[in-house]
Amino acid sequence: MTGGDRPVAVVTGANRGIGREVVRLLAARGWLAVLGARDARRGAAAAEDLGGAEAGVVACGLDVDSEESVAAAAAWVQAQLGRCDALVNNAAIDYDTDARATTADLARVRRAMDTNLLGAWRVALAFLPLLRRSPHPRLVNVSSGAGSIATMGAGTPAYSVSKAALNALTRILAAELRADRVLVNAVCPGWVATDMGGFGGRPVADGAASVLWAVLLGDDGPTGGFFRDGRPVEW
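In this text, all values refer to a predicted model and were calculated from it rather than measured experimentally. (Residues numbered from 1 in each chain as written. Predicted model: local features only at pLDDT ≥ 70, side-chain atom pairs only at ≥ 80, totals over all residues. Heavy atoms only, no water.)

### Some words on the overall build of the chain
At step 1: Counting secondary structure elements, the chain contains 6 helices and 8 strands.
At step 2: Taken over the C-alpha trace, the chain has a radius of gyration of 16 Å; the compact-globule value for 235 residues is 18 Å, and the two agree within 12%.
At step 3: Counting only contacts in the chain whose residues sit at least 6 apart along the sequence, the fraction spanning at least 24 positions is 71%.
At step 4: Counting only carbon and sulfur atoms, one obtains 54% of the accessible surface of the chain, whose full area is about 10,600 Å².
At step 5: Both charge centroids of the chain, one from 24 positive and one from 24 negative side chains, sit 2 Å from each other. (Helix = DSSP H or I, 4+ residues; strand = E, 2+ residues; numbered from the N terminus. Rg over C-alpha atoms; globule rule 2.2 N^0.38 Å. Contact = heavy atoms within 4.5 Å. Areas by Shrake-Rupley, 256 points an atom, 1.4 Å probe, with all protein chains shown as cover. Lys, Arg positive; Asp, Glu negative; His and termini not counted. Charge placed at Lys NZ, Arg CZ, Asp CG, Glu CD.)

Right, here's the structure in full:
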């Protein structure tokens, strides 16, 4: 199996929700979409449900909390597909609406930071060699309005701090990778009706479209920004 002439995108946390829909949308546009999932069996089932390799979707075990899993996924993409043109760091945990910073369980905060910040960081590091070789490389960090310091208030301390930190990482990576032509942006998909977001949010397709916009940016597009639906969000 190789990517051939098709661009290849790797999406983490993609066996459900926004990540799965991003995979579906990319495959429909002619990309080969790698559906990364911590649970390899669930990932394989999701890829098959989306049509499998014939539809441009392949599954890959990818646990962003594990150095070994991330390294193995990057090696698999290199060996089997030979390229990675876009990386979508979508995997995230713990929208902790029940928590307050004044009474926080710091072990819980640490787990959120390890996935939502360090998970995205370790995946980016693993895939950078492939991204640098792409003619049109894109790195998209799926963030949240909860990470906007300008609008931040009480509650969701682990999630909000981890997403604010992810935004900071986005800015730094964008500056450091500008010379390599890698467009690096953070995207808020909005409040979306997913397992994490809960009932009442906007359709998953709308949130995924917000992310897709950053993947499909032209070479003259922005880098180092924070966007929702293609429009800037306050940091």
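### Overview of helix H2 (residues 40–49)
At step 1: Those residues of H2 not exposed but buried are Gly-43, Ala-46 and Ala-47. Projected down its long axis, H2 shows its buried positions confined to an angular sector of 100°, all on one face. In H2, those exposed residues whose orientation departs by more than 90 degrees from the buried face are Arg-41, Arg-42, Glu-48 and Asp-49.
At step 2: Against the buried residues of H2 lie helix H1 (17–28), strand E2 (32–37) and strand E3 (57–61).
At step 3: The opening residue of H2, the one whose side-chain oxygen lies 3.0 Å from the backbone nitrogen of Arg-41, is Asp-39.
At step 4: One or two positions beyond H2, positive phi appears at Gly-51, with a value near 110°. (Buried < 20%, exposed > 50% of the residue type's maximum accessible area, 1.4 Å probe, protein only. Arc of directions from axis to C-beta. Polar contact = N/O pair within 3.5 Å; in protein donor to acceptor, adjacent residues only side chain to side chain.)

### Topic: the packing of aromatic side chains
At step 1: Taken as a whole and assessed by the stated rule, the structure comprises 3 aromatic pairs.
At step 2: Ring centres of Tyr-95 and Tyr-159 lie 5.0 Å apart, and the angle between their planes is 85°; this geometry places the pair in the edge-to-face category. In this pair, Tyr-95 is assigned in the loop between strand E4 (86–89) and helix H4 (106–133) and Tyr-159 in helix H5 (residues 157–177), connecting sequence segments 64 residues apart.
At step 3: When its relative accessible area of 39% is taken as the criterion, Tyr-95 is described as partly exposed.
At step 4: Its relative accessible area of 8% is what places Tyr-159 among the buried residues. (Phe/Tyr/Trp six-rings, centres within 6.5 Å; stacked < 30°, edge-to-face > 60°.)

### Some details on the side chain of Glu-21
At step 1: Mapping Glu-21 onto the fold places it in helix H1.
At step 2: Accessibility expressed as a relative area gives 13% for Glu-21, which makes it buried.
At step 3: For Glu-21, the contacting residues outside a window of four places in its chain are Val-204, Ala-205 and Ala-208.

### Points about H4
At step 1: Taking 1.5 Å per residue, 28 residues should reach 40 Å; H4 reaches 39 Å between its end C-alpha atoms and fits that length.
At step 2: Along H4, the sharpest kink reaches roughly 50°, centred on Phe-127 and followed within four residues by the proline Pro-129.
At step 3: A side-chain oxygen of the first residue of H4 lies 3.0 Å from the backbone nitrogen of Ala-107; this N-cap is Asp-105. (Expected span 1.5 Å × (residues − 1). Bend = angle between axes of the 7 residues up to and from the residue.)

### A short note on the packing of helix H3 (residues 67–80) against H4
At step 1: Close contact between H3 and H4 brings their axes to 8 Å; oriented N to C, the two are set at 15°. Between H3 and H4, the crossing angle belongs to the class labelled roughly parallel. The two elements H3 and H4 meet at a crossing, and its hand is right-handed. Contacts between H3 and H4 involve Glu-67, Val-70, Ala-73, Ala-74, Val-77 and Gln-78 from the former and Arg-122, Val-123, Ala-126, Phe-127, Leu-130 and Arg-133 from the latter. (Axes fitted to C-alpha atoms, helices over the stretch in contact; angles between N-to-C directions. Parallel < 35°, antiparallel > 145°, perpendicular 65-115°, else oblique. Left-handed = near helix turned anticlockwise from the far one by under 90°.)

### Comments concerning a nonpolar patch on the surface
At step 1: On the surface, a nonpolar cluster with roughly 280 Å² of combined accessible area is contributed by Leu-118, Trp-121 and Leu-125.
At step 2: By the secondary structure assignment, Leu-125 is in helix H4. (Patch = residues over 30% accessible without salt bridge, like charges linked within 9 Å, V, L, I, M, F, W, Y side chains within 5 Å. Salt bridge = Lys/Arg side-chain N within 4 Å of Asp/Glu carboxyl O.)

Purely spatial values, then, with no claim about function.
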